[in-house]
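What follows is the residue order along each chain.
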Amino acid sequence: MDRIRITGGVPLEGDIPISGAKNAALPLMTASLLTDGPLQLSNLPHLMDISTLVNLLTSLGVDITMEGDADDDGHTGRVLTLTCGDLSGTTAPYDLVRKMRASILVLGPLLARAGTARVSLPGGCAIGTRPVDLHLAGLAELGAEIELTDGYIEARAPRGLKGSVIRFPRVSVGATENLLMAASLAEGETVLENAAREPEVGDLANCLTAMGAEIDGIGTDRLVVTGVPRLAGTRYRVMPDRVETGTFAVAAAITGGDLTLRHADADGVSAVAEVMARAGVAVKQKAEGLRVRRNGAGISAVDVTTQPYPGFPTDMQAQVMALMAFSDGAAMITETIFENRFMHVPELARMGADITVSGSSAMVRGVSELKGAPVMATDLRASVSLVLAGLAATGDTLVNRVYHLDRGYERLVQKLAACGARIERISDRGESVRDG
Ligand code: EPZ
């Protein structure tokens, strides 16, 4: 298994191109199941999760062609054209769903288009139990008959789906996306209350609108969908990745560097930018992107609580904890979205961080130095927090289980190395390999 070796201590300087957002791209790709017309998506990142979904959609009968690829500095993105003339199946098998939980997003579209769907229950994962009850209750509210058998969700809507009022008892990005897609082809009006406001939900809603869906309230927590009999293909550009943006913003801050994050959009990262500003990091929107720098000054401790958008994102919690490990005070970091998202804490502690976890909060007392060490993590954002810590630590950090990073960060090693980081990917045979 490949590893990443980092020799810390270099302030990063230069430009980093921000890729298309993984968490927008995945639901957008599943929207191809809703129409027999071609859906052309551009600015897709080259990531393992995208390939996993390509395999799943292909197995359901979606014809997928790819053009273009990331260029040398990784900013072109790929263009996929997805055409689902006829469905060839309605089952999402365990082997594919197990690899990527976002596979659950085929449930709503399959049910709406074919009136039947069989999707493996995803099960828990490294960050929490992650049930799908809200997806199922919402679809049942639209008239689907749902049974759980042999680890599979069996959903049927023989007479089609019918609009209804659904109030989510808690905010769920995935359930909002599944219901938006299903409601687009349901009969009559569906109201989604307490809907997720994450920009990726907005990206999906805008694409569905371009496909002919009627959706009001995009960007708010009340979405009103008037079902239409059919949707058409369209062309749509995936939004920039706000978690990648936030992650590289922390890279600039933690190394005392100066980075311009090209194509980044300040609007989607305002909660992260606010924490940065309070920590003493300058974040400025420029024509070419976001400029993030910390020249000379220390890092002030800032308390952070994760919340649904527009609050501070759970997907940035581990990265900001790495930053706070170097602060000149004590920061309380509280995770309210997932119950087991502190897997990076013991690994950061192995590098010398002073962190005490109590329930869903972590008290991070800043130290003047972290020391490189071999580390590993069990999910994507936890893994990248260790890369960030390694960039600012003294000595060598060896990050194991790089496949987590391949799921969600396009050309991470190349992008950081281009800004001066001493970082390389090492194959299991001990050779230095190109990141791609
Ligand atoms: C999305 O996951 C993202 N994934 C996650 O990003 C992100 O952390 C999460 O939203 C929160 O922002 C994708 O977009 C592909 P949720 P999702 O449904 O949709 C509970 C990353 O690192 N819940 O908003 O699965 C759930 O357990 C990943 O890129 C239920 O109880 O998250 C959690 O506590 C990781 N029942 C909370 O709601 C349900 O039916 C929010 O989850 C659904 C969710």
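Up top you'll find the structure we're talking about.
Heads up: these notes are all about the structure in this document. Fair warning: this is a prediction, and the values are worked out from it, not measured in the lab. (Residues numbered from 1 in each chain as written. Predicted model: local features only at pLDDT ≥ 70, side-chain atom pairs only at ≥ 80, totals over all residues. Heavy atoms only, no water.)

**Examining the sheet that holds strand 13 (residues 222-226)**
As a general point, the strands of a sheet are linked pairwise by backbone hydrogen bonds and lie either parallel or antiparallel. Worth spelling out the cut-off: A strand pair is defined by DSSP finding two or more bridges across the two strands. Per the convention used, a helix needs a DSSP run of H or I reaching at least four residues, while a strand needs a run of E reaching at least two, with both numbered from the N terminus. For helices, the fitted axis covers only the stretch in contact; all axes are lines through C-alpha atoms, and the angles between them, taken along N-to-C directions, range from 0 to 180 degrees.
Strand order in the open sheet formed by four strands is 10-11-13-12, and the pairing between neighbours is mixed. Strands at the two margins of the open sheet, each flanked by one partner only, are strand 10 (165-167) and strand 12 (214-216). The average angle at which neighbouring strand axes cross in this sheet is 15°, direction not considered.

**A short note on the packing of helix 8 (residues 242-255) against helix 12 (residues 380-392)**
A pair of packed helices is captured by two measures, namely the crossing angle of their axes and the spacing between those axes. Defined as follows: Note on terminology: angles under 35 degrees are roughly parallel, angles over 145 are roughly antiparallel, angles of 65 to 115 are roughly perpendicular, and the others are oblique. Here a crossing is taken to be left-handed if its near helix is turned anticlockwise relative to the far helix by less than a right angle, and right-handed if that turn runs clockwise. Working rule for contacts: check all heavy atoms of both residues, and any pair within 4.5 Å makes them a contact. All residues other than Ala, Val, Leu, Ile, Met, Phe, Trp, Tyr, Cys, Pro, Asp, Glu, Lys and Arg, Gly among them, are scored as polar; the first ten of these are nonpolar and the last four charged.
Where helix 8 contacts helix 12, the axes come no closer than 9 Å and their chain directions differ by 20°. By the angle class used here, helix 8 and helix 12 are roughly parallel. Where helix 8 crosses over helix 12, the two elements pack in a sense that is right-handed. Residue-level inspection shows V243, T247, V250, A251, I254 and T255 of helix 8 in contact with helix 12, the latter providing R381, V384, L388, A389, L391 and A392. Split by residue class, the contact of helix 8 with helix 12 holds nine nonpolar, two polar and one charged.

**Observations concerning the site of the ligand**
Heads up, the condition is: Any residue with at least one heavy atom within 4 Å of a molecule or strand is counted as near it. Under the rule applied, a polar contact is a pair of N or O atoms within 3.5 Å (in protein, one hydrogen donor and one hydrogen acceptor; residues adjacent in sequence only if both atoms are side-chain atoms). Here the Shrake-Rupley method, with its probe set to 1.4 Å, supplies the accessible areas, and only the displayed protein chains count as covering residues.
As a structural note, the neighbourhood of the ligand is formed by 21 residues, with D133, L134, S172, D315 and I337 the closest of them. At 3.2 Å, a backbone N or O of P131 approaches an oxygen atom of the ligand. Protein chains bury 88% of the 830 Å² of accessible surface belonging to the ligand in isolation. Of all elements in the fold, only helix 1 (22-30), helix 5 (133-141) and helix 6 (173-184) reach the threshold of two or more residues within the shell around the ligand. A per-element tally of the shell around the ligand places helix 5 first, with three residues.

**Considering the environment of T334**
To keep things clear, this is the line we draw: Think of it in three bands: residues with accessible area under 20% of the maximum for their type are buried, residues over 50% are exposed, and the middle band is partly exposed, with areas taken using a 1.4 Å probe on protein chains only.
For T334, the position within the fold is in strand 19 (residues 330-334). What makes T334 buried here is its relative accessible area of 16%. Among all residues touching T334, those that are not within four sequence positions of it are V304, T305, T306, S360 and S361. Side-chain polar atoms of T334 contact the side chain of S361, separated by 2.9 Å.

**Side note on the pattern of salt bridges**
What counts is decided by this rule: Salt bridges are counted wherever a side-chain nitrogen of Lys or Arg sits within 4 Å of a carboxyl oxygen of Asp or Glu.
Summed over all chains, the structure comprises 21 salt bridges. Among the charged side chains, a salt-bridge network with shared partners connects D2, D406 and R425.

**A word on the side chain of T176**
Positionally, T176 belongs in helix 6. Engagement of the side chain of T176 in a polar contact is seen with the backbone oxygen of S172, the distance being 2.6 Å.

**Section: helix 8**
Note that an α-helix has 3.6 residues per turn; residues three or four places apart therefore point the same way. Note the following rule: Expected span, for any helix, means 1.5 Å times one less than how many residues it has.
For helix 8, which comprises 14 residues, the first-to-last C-alpha distance of 20 Å matches the rise-based estimate of 20 Å (1.5 Å per residue) to within 8%. Counted residue by residue, helix 8 has 14 buried out of 14 residues, so it is predominantly covered. One side-chain oxygen at the N-terminal end of helix 8 lies 2.9 Å from the backbone nitrogen of V243; it belongs to D241. Residue G256 follows helix 8 closely and has a positive phi angle near 70°.

**A closer look at the sheet that holds strand 21 (residues 361-365)**
An order of 18-19-21-20 is seen for the four strands of this open sheet, with the pairing classed as mixed. A strand with exactly one partner marks an edge of an open sheet, and here the two such strands are strand 18 (304-305) and strand 20 (354-358). As judged from the five bridges shared by strand 20 and strand 21, these two strands associate in the antiparallel manner. Residue pairing for strand 21: D354 is matched across the bridge by R365. Here helix 10 (residues 317-324) sits on the sheet and contacts strand 18, strand 19, strand 20 and strand 21; the angle it forms with strand 19, its principal contact strand, is near 170°.

**Some remarks on the environment of I218**
Looking at the secondary structure, you find I218 in the loop between strand 12 and strand 13. The spacing of I218 and A195 is 23 residues in sequence and 10.0 Å in space, taken between C-alpha atoms. Residues within four places of I218 in sequence aside, it is in contact with G202, A205, N206, T209 and L223.

**Some words on helix 6**
Helix length check: helix 6 (twelve residues) gives 17 Å between terminal C-alpha atoms against 16 Å at 1.5 Å per residue, within 8%. With eleven of its twelve residues buried, helix 6 lies for the most part within the structure. Among the residues of helix 6, those classed as buried are G174, A175, T176, E177, N178, L179, L180, M181, A182, A183 and S184.

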